[in-house]
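So the chains spell out like this:
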Amino acid sequence: FHLDLNEIVAASKRHDEDVKADSTLADGTIDGIDASLLAVPRAIQPTGVVFHESRCGSTLVANSLAAFDPTSNRVYSESAPPIAALRICGDTYSRCSRATAAALLRDVMHMMGRTDDPNERNLFFK
């Protein structure tokens, strides 16, 4: 059984656009309600990245972002998928090109940012 991440990401983007196009009126509302307040599938663009090394306070920053507004902020700390995406091409890009590596990281972050929660607004990676 094989799943292609490119195909999954493309399908999710098409789905989000179809749902939005089918239900959103020209004025940005759905049944008179601001579309941004409804549970419409979408991907949150990354708001920020917290770079870290041992004992530098990055965990404190990440936890503060999450605690500051837990309904609006999604924070991933040292999550495996972005790390794997960064490493998959090798340190010298011997297994794939930089462009492929960048596209893979964008796709992983896109999928991790998907939500239908209208309250989620910010996406942070540590």
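Residues numbered from 1 in each chain as written. Predicted model: local features only at pLDDT ≥ 70, side-chain atom pairs only at ≥ 80, totals over all residues. Heavy atoms only, no water.

### Some thoughts on the overall build of the protein
Move 1: Across its full length, the protein holds four helices and seven strands.
Move 2: Element order for the protein, N to C, with α for helix and β for strand: α-β-β-β-β-α-β-α-α-β-β.
Move 3: A buried classification covers 28% of the 126 residues belonging to the protein.
Move 4: Excluding contacts between residues fewer than 6 apart, the proportion of contacts in the protein whose partners are at least 24 apart in sequence is 72%.
Move 5: If you sum the accessible surface of the protein, you get close to 8500 Å²; carbon and sulfur atoms cover 56% of it. (Helix = DSSP H or I, 4+ residues; strand = E, 2+ residues; numbered from the N terminus. Buried < 20%, exposed > 50% of the residue type's maximum accessible area, 1.4 Å probe, protein only. Contact = heavy atoms within 4.5 Å. Areas by Shrake-Rupley, 256 points an atom, 1.4 Å probe, with all protein chains shown as cover.)

### Focus on the sheet that holds strand β4 (residues 48-49)
Move 1: One open sheet accounts for three strands, arranged β4-β7-β5; its pairing is parallel. The sheet is open, and its two edges are formed by β4 and β5 (73-76), each paired on a single side.
Move 2: Here β5 pairs with strand β7 (residues 122-125) via four bridges, running parallel. Note that in β7 the partner of Val75 across the bridge is Phe124.
Move 3: Docked against the sheet, helix α2 (residues 58-68) engages β5 and β7, running at close to 155° with respect to β5. (Pairing = 2+ DSSP bridges. Axes fitted to C-alpha atoms, helices over the stretch in contact; angles between N-to-C directions.)

### Thoughts on the state of the cysteines
Move 1: Using the criterion set out here, one finds one disulfide in the structure.
Move 2: A sulfur-sulfur distance of 1.5 Å marks the disulfide that ties Cys89 to Cys96. Between Cys89 and Cys96, the disulfide has an S-S torsion of -70° and is therefore left-handed. (Disulfide = S-S within 2.5 Å.)

### What to know about the nonpolar core
Move 1: Grouped together as the largest cluster of nonpolar side chains are seven residues: Ile44, Ala85, Val108, Met109, Met112, Leu123 and Phe125.
Move 2: Breaking this core down by element, the ones donating at least two residues are α4 (98-112) and β7.
Move 3: With three residues, the top contributor of residues to this core is α4. (Core = buried A, V, L, I, M, F, W, Y, C linked by side-chain atoms within 4.5 Å.)

### Structural notes on the side chain of Ser58
Move 1: Locating Ser58 in the fold gives a position in helix α2.
Move 2: Setting aside anything within four residues of it in sequence, one finds Ser58 in contact with Val50, Phe51, His52, Glu53 and Lys126.

### Some words on a nonpolar patch on the surface
Move 1: Taken together, the side chains of Phe1, Leu3 and Ile8 define a hydrophobic patch exposed on the protein surface, amounting to about 410 Å² of accessible area.
Move 2: Along the chain, Phe1 falls in the segment before α1 (5-23). (Patch = residues over 30% accessible without salt bridge, like charges linked within 9 Å, V, L, I, M, F, W, Y side chains within 5 Å. Salt bridge = Lys/Arg side-chain N within 4 Å of Asp/Glu carboxyl O.)

### With respect to the packing of helix α3 (residues 80-87) against α4
Move 1: Across the interface, α3 lies against α4 with an axial gap of 9 Å and an inter-helix angle of 170°. Here α3 lies roughly antiparallel to α4, going by the angle between them. Between α3 and α4, the contacting residues are Pro81, Pro82, Ala85 and Leu86 on the first element and Leu104, Leu105, Val108 and Met112 on the second.
Move 2: Here the contact of α3 with α4 is composed, by residue class, of eight nonpolar, no polar and no charged. (Parallel < 35°, antiparallel > 145°, perpendicular 65-115°, else oblique. Nonpolar A, V, L, I, M, F, W, Y, C, P; charged D, E, K, R; others polar.)

### What to know about α4
Move 1: The end-to-end C-alpha separation of α4 is 21 Å, in line with the 21 Å expected for 15 residues at 1.5 Å each.
Move 2: Residues of α4 that are buried: Ala101, Asp107, Val108, Met109, His110 and Met112. (Expected span 1.5 Å × (residues − 1).)

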